[in-house]
Amino acid sequence: MKNIVRVINLVHRLVELIARGFFLLVAYISGPAECQPCITDLTLMHSASALALKIRNRQLSSEEVVKSYITRINEIQPILNCVCETRFEEALKEAKKCDELLKVLNGPSADVLAKDKPFFGVPFTTKDCIAVEGMKQTAGLVARKNYRADKDSEGVKLMRLAGGIPIATTNVSELAMWWESTNRIYGTSRNPYNTRHIVGGSSGGEGCLLAAAGSPCGIGSDIGGSIRMPSFFNGIFGHKPSKGIVSNDGQYPSAETEDQEQLLALGPMCRFAQDLAPMLQVMAHKNADMLNLQIKVDVSKLKIYYMEDDGGQLLVSTVDHEIKESMRRVVQFFKKAHNVKAKKVNIRNFKKSLALWFACMATEPGKDFAYEMANRKGRVNVLLEWLKFITFCSDHTLSALVTSSFETFNVQYGSETANKLKEECKELQQEFKDMLGDDGVFLYPTHPTAAPMHYESFVKPFNFSYTGIINVLGLPATACPLGLNKQGLPIGIQVVGGLYQDRNTLAVAEELQRAFGGWVPPEIAE
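Description of the structure in this document. (Residues numbered from 1 in each chain as written. Predicted model: local features only at pLDDT ≥ 70, side-chain atom pairs only at ≥ 80, totals over all residues. Heavy atoms only, no water.)

Along its length, the protein chain carries 18 helices and 13 strands. Seen through its principal axes, the protein chain has C-alpha atoms that stretch 70 × 60 × 45 Å. Counting over 526 residues, the protein chain shows a buried share of 59%. In the protein chain, the proportion of contacts linking residues at least 24 apart, taken out of those at least 6 apart, comes to 78%. (Helix = DSSP H or I, 4+ residues; strand = E, 2+ residues; numbered from the N terminus. Buried < 20%, exposed > 50% of the residue type's maximum accessible area, 1.4 Å probe, protein only. Contact = heavy atoms within 4.5 Å.)

Once that is clear, we can look at the sheet that holds strand E13 (residues 490-497). What the 11 strands build is an open sheet, ordered E1-E3-E2-E6-E8-E7-E12-E13-E11-E9-E10; its pairing is mixed. Of all the strands in the sheet, the pair left with one neighbour each is strand E1 (83-86) and strand E10 (343-344). Across six bridges, strand E6 (residues 217-222) lies against strand E8 (residues 265-270) in antiparallel orientation. Paired with Cys217 across the strands is Cys270, a residue of E8. Against the sheet, helix H16 (residues 416-436) contacts strand E9 (303-306), strand E11 (440-445) and E13, and its axis sits at roughly 125° relative to E11. (Pairing = 2+ DSSP bridges. Axes fitted to C-alpha atoms, helices over the stretch in contact; angles between N-to-C directions.)

All right, on to the pattern of salt bridges then. Overall, the coordinates contain 28 salt bridges when judged by the stated rule. Across the salt bridge formed by Lys460 and Glu16, the nearest N and O atoms sit 3.6 Å from each other. Of the two residues, Lys460 sits in the loop between E11 and helix H17 (465-473) while Glu16 sits in helix H1 (residues 2-30), which places them 444 residues apart along the sequence. On the basis of relative accessible area, Lys460 is assigned to the buried category, the value being 6%. Taking the relative accessible area as the measure of exposure, Glu16 reaches 3% and is therefore buried. Where Lys324 meets Asp309, a salt bridge forms, and the shortest distance between an N and an O atom there is 3.3 Å. Remark: Asp309 occurs in the loop between E9 and helix H11 (321-338) and Lys324 occurs in helix H11; sequence separation between them is 15 residues. (Salt bridge = Lys/Arg side-chain N within 4 Å of Asp/Glu carboxyl O.)

Another point: the nonpolar core. Nonpolar side chains in soluble globular proteins generally cluster together in the buried interior. Of all hydrophobic cores here, the largest spans 138 residues; its most connected members are Met159, Phe334, Phe350, Phe432, Phe442 and Leu443. Leaving out residues up to four positions away in the same chain, Phe432 has contacts with Ile347, Phe350, Gly437, Phe442, Leu473 and Leu475. One finds Leu141, Phe369, Met373 and Ala400 within the second-largest nonpolar core, a separate group that totals 15 residues. (Core = buried A, V, L, I, M, F, W, Y, C linked by side-chain atoms within 4.5 Å.)

In this model, helix H18 (residues 502-516) (15 residues) spans 21 Å end to end at C-alpha, consistent with the 21 Å of a helix rising 1.5 Å per residue. With 11 of 15 residues buried, H18 lies mostly within the body of the structure. If you check which residues of H18 are buried, you get Asp502, Arg503, Asn504, Thr505, Leu506, Ala507, Val508, Ala509, Glu511, Leu512 and Gln513. Taken together, the buried residues of H18 touch strand E7 (237-240), helix H10 (276-284), H11, E11, strand E12 (477-484) and E13. Backbone geometry just after H18 places Gly517 at a positive phi near 100°. (Expected span 1.5 Å × (residues − 1).)

Okay, unusual backbone geometry next. Going from Gly201 to Ser202, the amide bond is cis rather than trans, its omega being 5°. Relative to the helices and strands, Ser202 resides in the loop between strand E5 (187-188) and helix H7 (204-211). Going from Tyr252 to Pro253, the amide bond is cis rather than trans, its omega being 0°. Note that Pro253 resides in the loop between E7 and helix H9 (258-263).

A few words on the packing of aromatic side chains. Working definition: an aromatic ring pair is given by the centre-to-centre distance plus the angle between the planes. Enumeration according to the criterion identifies 19 aromatic pairs in this entry. For the ring pair Phe358 and Phe464, a centre distance of 6.2 Å and an interplane angle of 85° mean the geometry is edge-to-face. Here Phe358 is found in helix H12 (residues 353-361), whereas its partner Phe464 is found in the loop between E11 and H17, with 106 residues between them in sequence. With respect to burial, Phe358 and Phe464 carry one shared label: buried. Put simply, the rings of Phe350, Phe432, Phe442, Tyr444 and Tyr466 touch in pairs and so form one group of aromatic residues. The ring of Tyr147 has Arg144 lying over it, and the distance from NZ or CZ to the ring centre is 4.4 Å. It is Arg271 that lies over the ring of Trp519; its NZ or CZ is 4.9 Å from the centre. (Phe/Tyr/Trp six-rings, centres within 6.5 Å; stacked < 30°, edge-to-face > 60°. Lys NZ or Arg CZ within 6 Å of the ring centre and 35° of its normal.)

Side chains of Lys2, Arg6, Arg348 and Lys351 sit close together on the surface and give a patch of like positive charge. With respect to the secondary-structure elements, Lys2 resides in helix H1. By relative accessible area, which is 63% here, Lys2 ends up exposed. (Patch = residues over 30% accessible without salt bridge, like charges linked within 9 Å, V, L, I, M, F, W, Y side chains within 5 Å. Areas by Shrake-Rupley, 256 points an atom, 1.4 Å probe, with all protein chains shown as cover. Lys, Arg positive; Asp, Glu negative; His and termini not counted. Charge placed at Lys NZ, Arg CZ, Asp CG, Glu CD.)

Once that is clear, we can look at the environment of Leu80. Secondary-structure assignment places Leu80 in helix H3 (residues 62-80). Sequence-wise, Leu80 and Glu63 are 17 residues apart; in three dimensions their C-alpha atoms are separated by 25 Å. Not counting residues within four places of it along the chain, the set of residues in contact with Leu80 comprises Gln36, Thr188, Ser189, Arg190, Asn191, Pro192, Thr195, Cys208 and Ala212.

Along the chain, the position of Ser62 falls in helix H3. For Ser62, the side chain forms a polar contact with the main-chain oxygen of Gly121, separated by 2.8 Å. In contact with Ser62, not counting residues within four places along its chain, are Ile55, Ala95, Cys98, Asp99, Gly121 and Ile165. (Polar contact = N/O pair within 3.5 Å; in protein donor to acceptor, adjacent residues only side chain to side chain.)

Between its terminal C-alpha atoms H1 stretches 42 Å, which fits the 42 Å expected from 29 residues at 1.5 Å a residue. Of all the residues in H1, the buried ones are Asn9, His12, Glu16, Ala19, Phe23 and Ala27.

In structure tokens:
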């Protein structure tokens, strides 16, 4: 059996190499890639927390900040295509109200804002799947192209209550179920470091906009890596919280089963690690006390475990050498800077990551992806949609058709196989509980390669398994950038913690930012 897996993986690797050669040839013929414009406004270089402080201290006005980001979005959108819809006029009005309120406050009153409204006057964005009152919530589905949310999602509502001002929604993959952000309504988003490459999905537009300094912070959602993969591909920080901590209310598509609800998590995305904990504190709301985010973490007291790859899973790419090297640099850093010796482990069931994730994603008969493609009003005829697709008449993307077709071969809901796999999920969860406790973190690749070229994901569709398995575990995980590879594309790792020990992964993220630089900004005009 092992030999068969090796042969299949060798063939798959050969297909990957041929596909990469083809895409490189197409790119060469089509001309040079575009780059994001340089930054001319230094307001864009502040963290969300720093902006909030400057607004409270009246060093910057909220209106000035919002205008800076509006200008930046208008600069990058024609090149990167990461924004779906804007609310610039409304945002400016809300910013002016913030500034007017500050004029009548002084001293202690302004200090209260820091506690009750930590993002007072700060703009933020969110992916199109997460509802913002009055704005379109299409989930990239043509059948929903005119649908507008009648109320805020819980995450957006809480950020508003904390003083944040939503300014735009960002692009996603169709129905949030592929790891390239493209759909028939808004088109394809392009990587800010090289527009020939993808931004990830499904929170890909969000990751792209943040990396290009088009927003100080944003909200993403993650059911199999949809926060962490875009964060990795775009070189920013993103956090998938512990299961059940942040409300999923207002996300579309919503979870269909209890297992899916446990996989799905809304969380913060940002350029600066120090913004993660304040955002999570706000979004967790009544559950925030479970996380003890205010307790300072001494990283020198943490236990660190790591794996450089999944052990050779079927049809999953091998981990790039540069990503493994970045992992080793992190291990060496903790040894030299904090006298913490990381332990290399071998989690054998990680070879089953895909099977375990698919078992948890299985739905009742009639509630499959074809049902989602019909906007939960019946089911589309997948064969007919394929015929329409090849004649350029389909409203659906290739990724959606591939997903719906593959589902036929998936583990069936309630089957003996599915139940057996779910039992293995529980065993794996217990293994991590025993290993991490409340003071351990696990370092693992976020993805086996840097951002692929557009459409290349169809040759390696299962690479999301590196993030998907962490959703199965229900554990907190923070995607941390570690610079650029030789091709100028972001790389990094994810830091996984014990259940409800989010503060440990966030503390490690801040430490890695200090040690390795974090987000790499575009060129800054002098």
